[in-house]
Amino acid sequence: MKRHIPGLHSRQRDRESALEGLFLVCVDAASYRWHPQKPFLSVRFVVLEPEPFAARSLSGRLYCTERALWKLNWFLRDFGYDPELLNQDQVDEKALLKLRGVVRTSHVTLNGRSFQNLEAFAPAGEWEEASCEAAAGTHEQRNSDDL
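Quick caveat: nothing in here was measured; it's all calculated off a predicted structure.

Draft legend 1. Quick peek at the environment of N117. Its place among the elements puts N117 in strand β5 (residues 113-123). Residues N117 and L62, 55 residues apart in the sequence, show an inter-C-alpha distance of 9.3 Å. Leaving out residues up to four positions away in the same chain, N117 has contacts with K71, R104, T105, S106 and V108.

This is the structure in structure tokens:
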């Protein structure tokens, strides 16, 4: 039996779009996906902070093409991935689990589809400083909007 529930699809989209900004996260799942032109590492994070978003999850892709390896390397270094495995050009999906760090996200819409963009990374130890700077930037933006 099918049931019509008005607004069901739009609520999910609104919930996902709210996860834009700076977050302290933990890697919940990771898997390598082979594609002929653009292989990628699919990563699912669980938000630890800020508190209003705690326990929510977000997913993103880190491409493994030659041009995009700098971003994958940045993620691995800042999240405390095993340097020995990194020096051997190896990514162990199990070793990625429970790694913590800071991620800045945004949404990008291409051809009508919305994607979570992983814009920047930082070590978990920099969360306090990064979150304070982000809050100050938001506060300054709001004050300038009032003028």
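Now that the structure has been shown, the text picks up again.
Draft legend 2. Quick look at the sheet that holds strand β1 (residues 21-33). An order of β3-β2-β1-β4-β5 is seen for the 5 strands of this open sheet, with the pairing classed as antiparallel. One side of each edge strand has no neighbouring strand; the edge strands of this open sheet are β3 (57-63) and β5. This sheet shows a mean twist of 45 degrees between the axes of neighbouring strands, independent of strand direction. Pairing analysis gives 6 bridges linking β1 to strand β4 (residues 100-110), with the strands arranged antiparallel. Residue pairing for β4: F23 is matched across the bridge by V103. Lying over the sheet, helix α2 (residues 69-78) contacts β1, β2 (40-49), β3, β4 and β5, oriented at roughly 50 degrees with respect to β5.

Draft legend 3. Structural detail: the pattern of salt bridges. Using the criterion set out here, one finds 2 salt bridges in the structure. In this structure, R44 engages D28 in a salt bridge whose closest nitrogen and oxygen atoms are separated by 2.8 Å. Residue R44 is located in strand β2, and its partner D28 is located in strand β1; the two are separated by 16 residues in the primary sequence. With a shortest N-O distance of 3.0 Å, E119 and R104 are connected by a salt bridge. In this pair, E119 is assigned in strand β5 and R104 in strand β4, connecting sequence segments 15 residues apart. Judged by its relative accessible area of 29%, E119 falls in the partly exposed class.

Draft legend 4. Main features of the nonpolar core. Membership of the largest hydrophobic core comes to 24 residues, with the highest contact counts inside it found for V27, F45, L62, F75, F79 and L96. Residues contacting V27, with those up to four places away along its chain left out, are V43, R44, F45, F75, F79, L96, L97, K98 and L99.

Draft legend 5. Spotlight on the pairing of β5. Sheet topology places β4 next to β5; 10 bridges connect them, and they run antiparallel. Each residue of the ladder has a partner; that of L110, found in β5, is R113. The hairpin formed by β4 and β5 contains 2 residues between the paired strands, and N111 there has a positive phi angle of roughly 50 degrees.

Reading guide: rules and limits
- Residues numbered from 1 in each chain as written.
- Predicted model: local features only at pLDDT ≥ 70, side-chain atom pairs only at ≥ 80, totals over all residues.
- Heavy atoms only, no water.
- Helix = DSSP H or I, 4+ residues; strand = E, 2+ residues; numbered from the N terminus.
- Contact = heavy atoms within 4.5 Å.
- Pairing = 2+ DSSP bridges.
- Axes fitted to C-alpha atoms, helices over the stretch in contact; angles between N-to-C directions.
- Salt bridge = Lys/Arg side-chain N within 4 Å of Asp/Glu carboxyl O.
- Buried < 20%, exposed > 50% of the residue type's maximum accessible area, 1.4 Å probe, protein only.
- Core = buried A, V, L, I, M, F, W, Y, C linked by side-chain atoms within 4.5 Å.

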